[in-house]
Amino acid sequence: MSGITNRQAICDVLLGAAKEDPDLVVVCSDSRGSASLAPFAKEFPEQFVEVGIAEQNLVSVSAGLAACGKKVFAASPASFLSTRSYEQAKVDVAYSGTNVTLVGISGGISYGALGMTHHSCQDIAAFCSLPGMRVYLPSDRFLTGKLIEALLKDDKPAYVRVSRSATGDVYGENLDFELDKANIISRGRDVALIACGEMVPEALGAAKRLEAAGISAGVVDMYCLKPLDEQAILEVSQQVGLVVTVEEHSPYGGLGSMVAQVLSAHCPKKVLNIALPDGHLIAGTNREVFREYGLDADGIAEKIKAVL
């Protein structure tokens, strides 16, 4: 594990871009430290706006800046960005088509020890349902950097969710990246594992454990939840007996639901959705919560073995 978080990768790209583009603006809601954006605020104070603990203002101010020609990245804890400011994200960003990238930091259960008030386990469903809003959950620092570089080149709204802790490196410096195209990391004969965000390294670990048990499992990094890469889903699903989705999200309205919808229409296949339970979650570190609900590599592998 590199120790470099996805949020740090975002800051690194924005620091480089701000040197060339004075219209790039970062807005935070008392979250510059949590978002690893303190270096940006220090180096480019004229391109940084602090709104305080006011997530609704964060989004509306960002949309206003974008309407004045600025390219805006707005960072706030995903748990609050996807709920407290949902109407502003809907009306001021998605419906209005403003050039704002909403960055949900510490997504999923990153704040696991603080309890369910700080979880963002419904954000995929919420943001994917907004017309005009793109939704991305990058898996590692390299993919995150490439994604932010791509989003800097367009003027469409987007929501990017990243975790708080560093994940294992999935890729390297020479990652072949194409916006809105899933990465088929490996192909399997028995199982297709489709994962997003922090669950991609866990899916890769599960594939190795399954291989040791004689089960061939491929892994797809579906970092683009909207637009969803339906072609990649169909491509990896046709030759396997079981499709497995893995997500740090509610079992309703997320990756599993979307994959099942695609397959039911074009390639009927058994789908196992591995997600957080629909109920009160235990309080603990994200690793403890993953282990409790079978979202770590061991748990994913055991759930697949049980189904097979």
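Right above here is the structure, for reference.
Below or above, wherever it landed, is the structure these notes cover. Everything quoted here is computed from the prediction, not taken from an experiment.

Moving on, we come to the packing of helix H3 (residues 55-67) against helix H5 (residues 86-95). As a packed pair, H3 and H5 sit with axes 9 Å apart at the nearest point and diverge in direction by 0°. On the basis of their axis angle, the class for H3 and H5 is roughly parallel. The residues of H5 that touch H3, namely those facing Gln56, Val59, Ser60 and Ala63, are Gln88, Ala89, Asp92 and Val93. Residues of the contact of H3 with H5, tallied by class, amount to 4 nonpolar, 3 polar and 1 charged.

What follows deals with the sheet that holds strand S12 (residues 270-274). Overall, mixed pairing links the 5 strands, which are arranged S7-S9-S8-S11-S12 in an open sheet. Strands at the two margins of the open sheet, each flanked by one partner only, are strand S7 (183-186) and S12. Going from strand to strand, the sheet's axes swing by 20° on average, the running direction of each strand aside. As paired strands, S7 and strand S9 (residues 217-221) are joined by 3 bridges and run antiparallel to one another. Of the residues in S9, the one forming a bridge with Ser186 is Val219. The strands that helix H8 (residues 199-212) touches are S7, strand S8 (191-195), S9 and strand S11 (242-246); relative to S9, the one it contacts most, it runs at about 170°.

Time to look at the packing of aromatic side chains. In this structure the tally under the stated criterion is 5 aromatic pairs. For the pair Tyr86 and Phe127, a centre-to-centre distance of 6.0 Å together with 65° between the ring planes defines the contact as edge-to-face. Placement of Tyr86 in helix H5 and of Phe127 in helix H6 (residues 123-128) is noted, with a sequence separation of 41 residues between them. Of the residues examined, Phe127 reaches a relative accessible area of 0% and is grouped as buried. Here the aromatic residues Tyr86, Phe127 and Tyr159 are joined through ring pairs into a cluster of three or more. Of note, Arg84 hangs over the ring of Phe80, and the distance from its end group to the ring centre comes to 4.3 Å.

As a further point, take the pattern of salt bridges. Evaluation of the coordinates by the stated rule reveals 10 salt bridges. Close ionic contact of Asp154 with Arg134 constitutes a salt bridge, the shortest N to O distance being 2.8 Å. Within this pair, whereas Asp154 is found in the loop between helix H7 (141-151) and strand S6 (158-161), its partner Arg134 is found in strand S5 (residues 134-136), the two being separated by 20 residues in sequence. In this structure Asp154 comes out as buried when scored by relative accessible area, which is 16%. Between Lys305 and Glu302 there is a salt bridge, and its shortest N-O distance comes to 3.4 Å. Of this pair, Lys305 and Glu302 both sit in helix H12 (residues 297-307), separated by 3 residues, roughly a single helical turn. Using a relative accessible area of 47% as the deciding quantity, one classes Glu302 as partly exposed.

What follows concerns the sheet that holds strand S3 (residues 71-77). Read across the sheet, 7 strands follow the order S2-S1-S3-S4-S6-S5-S10 without closing on themselves; strand pairing throughout is mixed. Of all the strands in the sheet, the pair left with one neighbour each is strand S2 (48-50) and strand S10 (224-226). Going across the sheet, the axis of each strand differs from the next one's by a mean of 20°, ignoring polarity.

Analysis parameters
- Residues numbered from 1 in each chain as written.
- Predicted model: local features only at pLDDT ≥ 70, side-chain atom pairs only at ≥ 80, totals over all residues.
- Heavy atoms only, no water.
- Axes fitted to C-alpha atoms, helices over the stretch in contact; angles between N-to-C directions.
- Helix = DSSP H or I, 4+ residues; strand = E, 2+ residues; numbered from the N terminus.
- Parallel < 35°, antiparallel > 145°, perpendicular 65-115°, else oblique.
- Contact = heavy atoms within 4.5 Å.
- Nonpolar A, V, L, I, M, F, W, Y, C, P; charged D, E, K, R; others polar.
- Pairing = 2+ DSSP bridges.
- Phe/Tyr/Trp six-rings, centres within 6.5 Å; stacked < 30°, edge-to-face > 60°.
- Buried < 20%, exposed > 50% of the residue type's maximum accessible area, 1.4 Å probe, protein only.
- Lys NZ or Arg CZ within 6 Å of the ring centre and 35° of its normal.
- Salt bridge = Lys/Arg side-chain N within 4 Å of Asp/Glu carboxyl O.

Bear in mind that shape data such as this cannot, by itself, settle questions of function.
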